[in-house]
Amino acid sequence: MFLFIIRRILTLIPILLAVSFIVFGILRLSPIDPAFAYLTQSQIPPTQEALELTRIELGLDKPFFVQYGIWLKNILSFDFGISYVTKRPVLDDILYYLPTTLNLAFLSMFVVIIFGIALGVLGAIKKDSIIDKSLGVFSFFCVSMPSFWFGFCLIYVFTIYFGILSPYEELSLYSYILPVTTLSLMSLGINTRLVRVSFLEHKSQRSTLYALARNLNKSTINKKVLYTSLLPIVTSLGMHFGELLGGAVVVEILFGLPGFGRYAVSAIYSHDYPVIQAFMIIMVLIFVILNLMVDILLAYLNPQIRYQKAKNEA
Amino acid sequence: MKHLALRNITKGIFIIIVSINLTPLYSKEIVGAWDTNIGHLNPHLYSPNQMYAQIMVYEPLVKYEDGKFVGGIAREWRISNDGKTYTFKIDNNLHFSNGNRLDSYAVEANFKAILENATRHSWLGLTDKIQSAKAIDENTFELKLSSPYIATLNELSLPRPFRIIDPSSMIDGSTKDGIKSPVGSGPWVLKESILGIKDVFVPNPYYHKKSEISQLTMKIIPDPNSRILALKSGGIDILVGKDMISRESFKILQKDTRYTLTQSIPQGTFNLVINSKTISDPNIRKAIILTINKDEIWDKILLQIDKKAENLFQRNLEFCDVELSKQEFNLQKSKEVLKNTNYKNKAIRLVYIANNPIQKSIAQSIQNEALKVGINIQLDSSEPIAFYQRQKNGDFDLIFNETWGNPFDPHSFISSMLIPSHADYAAQDGLENKDIIRGLIKSILNADNKDKIQKGYKSLLTLLNNSNIYIPLSYGVVLGVFNNKKIKSYKSGDMEYEFRFEDIKIR
């Protein structure tokens with residue numbers, strides 16, 4: 001198991017290196033000159049002189065591979081450069097904005113896990129009842145409702161109509177209630193259905209029928225079924241966390257939250273290379289770490305996977 | 001140790017008592033919104049410094065008000081007969097917000113810092129013309145130019161870079177690499193700035209006019225719809241700025257008695273430009289112009305909010321009151337004009353900003369009308385930065401454009417026509433008389449005689465109008481809305497980014 005983890009961590013290095021080159025290269029393929037973008041944003045007429053001066057200022061006058069080498073060397077020491085637009089170190093900005101996005105994603109994940117499992121199991125236990133059918137409609141609603149529209153509806157109802165939970169106040173736990181509800185909606189719908197199906201599938205397996213035939217305690221059987229049916233859910237939740245991080249962009253913009261997604265979107269809009277590069281690398285890092293964690297968790301939870309890994313390692 | 005603890009407790013109690021006493025019985029705090037933080041608030045630099053905040057914190061030598069130049073830091077000024085020397089009398093009772101004296105030596109230190117970074121400001125004609133900028137005595141400041149420059153006062157009044165910071169806030173007498181703190185003599189002082197959340201301003205105690213507001217908070221809300229929701233929920237009291245409110249929201253809020261809507265005086269001219277290099281036949285350009293139903297566009301798309309435009313510059317601008325032939329909408333005439341050209345249904349690219357619904361709707365309307373006479377207009381959407389890059393490179397047949405507004409128009413704007421950095425240069429580049437136009441612009445900018453300038457403008461505006469490359473649509477305004485419950489009155493400033501929050505009357 002230890003060797004498996006080490007090996008997986010080592011595979012991250014070439015992945016990140018390749019991603020770094022692709023990200024850096026693709027941005028340079030863009031027909032937009034970042035020096036021009038900077039001048040346009042600053043409302044300075046882009047004269048030839050101003051463009052040349054800005055290119056030197058932003059370090060864009062050097063050859064491509066020199067720029068890449070400098071950037072790679074710097075990011076190894078966690079120096080992501082200076083934002084073209086905010087003129088602040090990108091790392092400082094990331095450390096400032098990332099916690100809001102992580103809070104948002106983790107809180108939403110928490111909601112998805114708790115309510116997704118509870119509602120999914122409820123639907124499975126009450127299969128074909130009015131509760132199950134209502135939960136089906138609820139899941140359908142969650143999946144088909146665009147999050148920006150749902151967010152606007154929540155703001156209208158809770159902020160304008162009832163006058164509670166104003167989203168545009170100082171950042172506090174209250175200010176997360178509406179954004180988390182908006183963000184978790186789609187994953188909640190998917191996971192509710194997934195838990196239900198997985199639970200029913202495992203419940204109809206021979207081992208469960210045998211346990212029932214042996215007249216074992218029903219709640220013990222349900223617990224066992226729940227445990228085994230959660231294995232595919234772990235994989236799904238791993239993927240959903242990434243989706244929540246991506247979805248956080250819309251929610252942050254809508255609710256005015258100072259998050260990493262909002263920061264990245266404004267950087268994309270202004271062709272702020274250092275920020276876009278840092279954003280891509282960090283997102284890839286988060287995704288590969290999540291994958292790694294899911295793999296480890298699955299190996300830990302499922303003895304069959306553990307056995308297979310051990311066999312492969314031998 | 002005990003002493004230290006006791007001292008800290010006493011200090012704490014003292015601070016609490018002092019802050020309680022300083023807190024007004026009735027807090028007159030106003031909350032607004034902006035899409036991004038104000039940045040470092042360096043008066044002499046550009047992004048990330050926000051222009052509206054630079055205007056709030058720093059003052060210029062002269063201000064632009066009601067189409068005229070009035071005293072700012074300078075109480076009065078004199079221009080020499082040859083138009084090359086400007087002598088400013090500095091108000092002798094001025095202070096920065098930290099209590100330091102603002103005299104002509106402080107102004108000189110600022111000009112030294114600005115000119116030290118002159119290449120950054122090379123887009124302004126004035127930077128190139130300044131020969132010397134020095135304090136004659138405490139209250140006299142003299143600016144010597146290498147040749148007369150008509151836009152001197154215009155450019156001195158801009159939000160940046162010619163605004164004055166306390167020299168003690170500069171780093172080693174310079175501002176090009178940053179400032180220690182934003183200390184100006186304007187009506188507002190920056191209290192705090194929290195990234196992505198808010199910027200807070202308080203009135204400058206040394207400013208000559210007392211504000212009714214004790215604190216102004218600008219919340220950072222990037223989404224326009226969210227800003228409207230924040231206003232409706234009472235989270236913000238006032239919303240002003242060019243792109244802060246959509247036209248649709250403005251129209252809806254007009255019917256709501258809880259809010260008052262405001263509009264600035266007309267700013268720049270929103271227009272369409274035809275590229276004379278790619279559409280070299282003036283008759284094809286004329287035929288296109290004849291298919292544009294400006295009245296319909298103004299009525300149905302621009303929602304009759306701002307004033308309909310006939311000329312490239314508003315006629316009430318100095319030197320711009322020139323009678324020009326009007327552009328008409330006449331499909332029949334367009335067909336006839338088109339007959340005398342060699343136009344063979346070639347697609348004409350109309351470039352617009354993809355996420356700008358106004359531009360898209362206008363483009364569709366133009367496409368539809370042009371089709372009726374057999375002109376094939378192809379809509380070509382671009383993301384904003386790519387759009388401006390295409391303007392600069394002349395990569396368009398037709399493109400939306402805007403003049404720069406007060407106080408750039410008309411002098412600084414015509415000056416920009418000489419540099420290959422905008423749609424205007426590209427659009428004029430194919431004209432047969434482009435050298436005459438450029439020569440006229442140069443002579444206007446360097447003229448020292450009002451009659452000569454007026455004559456020059458008459459010829460220039462007539463030539464541009466007759467070249468069939470400009471289609472003025474409207475004179476844009478800056479929209480605003482405020483909550484009647486909290487605010488009694490607000491009046492927009494004269495420049496696009498000038499918001500006179502200090503003049504707000506509250507309930």
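Residues numbered from 1 in each chain as written. Chains lettered and ligands numbered in written order. Predicted model: local features only at pLDDT ≥ 70, side-chain atom pairs only at ≥ 80, totals over all residues. Heavy atoms only, no water.

Trainee: For this particular structure, what's the right way to read the UniProt feature "transmembrane region" (unreviewed entry) in chain A?
Mentor: As annotated by UniProt and renumbered to match this structure, "transmembrane region" (unreviewed entry) occupies residues 9-29, 104-125, 137-164, 176-195, 225-255 and 275-301 of chain A. Counted over residues 104-125 of chain A, helix gives 100% and strand 0%. Its end C-alpha atoms are 31 Å apart. (UniProt positions renumbered as here; feature names shortened; annotations may be inferred. Helix = DSSP H or I, 4+ residues; strand = E, 2+ residues; numbered from the N terminus.)

Trainee: I keep staring at the packing of aromatic side chains and nothing clicks. Help me out?
Mentor: Aromatic rings in a pair are described by how distant their centres are and how their planes are angled relative to each other. Inspection of the entire model under this criterion finds 37 aromatic pairs over all chains. Aromatic pair Y161 of chain A and F162 of chain A: ring centres 5.2 Å apart, planes at 80°, arrangement edge-to-face. F162 of chain A shares its class with Y161 of chain A; the two are exposed. Arranged with centres 6.4 Å apart and planes meeting at 65°, the rings of W123 of chain B and W404 of chain B form a pair that is edge-to-face. You can see W123 of chain B sitting in the loop between α3 (104-116) and α4 (125-129) and its partner W404 of chain B sitting in the loop between β21 (398-402) and α13 (411-416), a full 281 residues away along the chain. Through successive ring pairs, a cluster of aromatic residues spans F21, F24, F64, F65, Y68 and W71 of chain A. (Phe/Tyr/Trp six-rings, centres within 6.5 Å; stacked < 30°, edge-to-face > 60°. Buried < 20%, exposed > 50% of the residue type's maximum accessible area, 1.4 Å probe, protein only.)

Trainee: I keep staring at the interface of chain B and chain A and nothing clicks. Help me out?
Mentor: Buried accessible area, meaning the area lost when the parts come together, often serves as the stated size of an interface. Between chain B and chain A, the residue contacts involve 40 residues of the former and 44 residues of the latter. Carbon and sulfur atoms make up 62% of the surface buried where chain B meets chain A, a total of about 3500 Å² over both sides. In terms of surface lost to chain A, no three residues of chain B exceed R120, L195 and I385 of chain B, which account for 19% of the buried area on that side. For the pair chain B and chain A, the number of links is 1 salt bridge. With a shortest N-O distance of 3.3 Å, R120 of chain B and E57 of chain A are connected by a salt bridge. The interface formed by chain B and chain A includes 12 residue pairs in polar contact (both at pLDDT 80 or more). Counting residues per element, the ones that place at least two in the side of chain B that touches chain A are β14 (215-220), α6 (224-232) and α12 (384-393) of chain B. (Contact = heavy atoms within 4.5 Å. Buried area = accessible area lost by both parts, 1.4 Å probe. Salt bridge = Lys/Arg side-chain N within 4 Å of Asp/Glu carboxyl O. Polar contact = N/O pair within 3.5 Å; in protein donor to acceptor, adjacent residues only side chain to side chain.)

Trainee: Explanation requested: the sheet that holds β14 of chain B in the structure shown.
Mentor: Residues and elements named next belong to chain B. Taken together, the 4 strands give an open sheet; going across it, the order is β1-β14-β13-β12, and neighbouring strands pair in mixed fashion. Both outer strands of the open sheet, β1 (29-34) and β12 (188-194), are each paired with one neighbouring strand and no more. Mean inter-strand twist for the sheet, computed between neighbouring axes without regard to direction, equals 20°. As paired strands, β12 and strand β13 (residues 198-203) are joined by 6 bridges and run antiparallel to one another. Bridge assignment links S193 to a residue of β13, and that residue is D199. (Pairing = 2+ DSSP bridges. Axes fitted to C-alpha atoms, helices over the stretch in contact; angles between N-to-C directions.)

Trainee: Mind showing me how you'd approach the confidence of the model for chain B here?
Mentor: Detailed reading of the predicted coordinates is not advisable wherever pLDDT falls low. All names here are of chain B. When pLDDT is averaged along chain B, the result is 91, and 95% of the positions lie at 70 or above. The model gives residues 10-26 a pLDDT under 50, and that stretch makes 2 contacts with residues more than four places away or in other chains. Of the two predicted TM-score estimates for the complex, the pTM is 0.86 and the ipTM is 0.82. (pLDDT = per-residue confidence, 0-100.)

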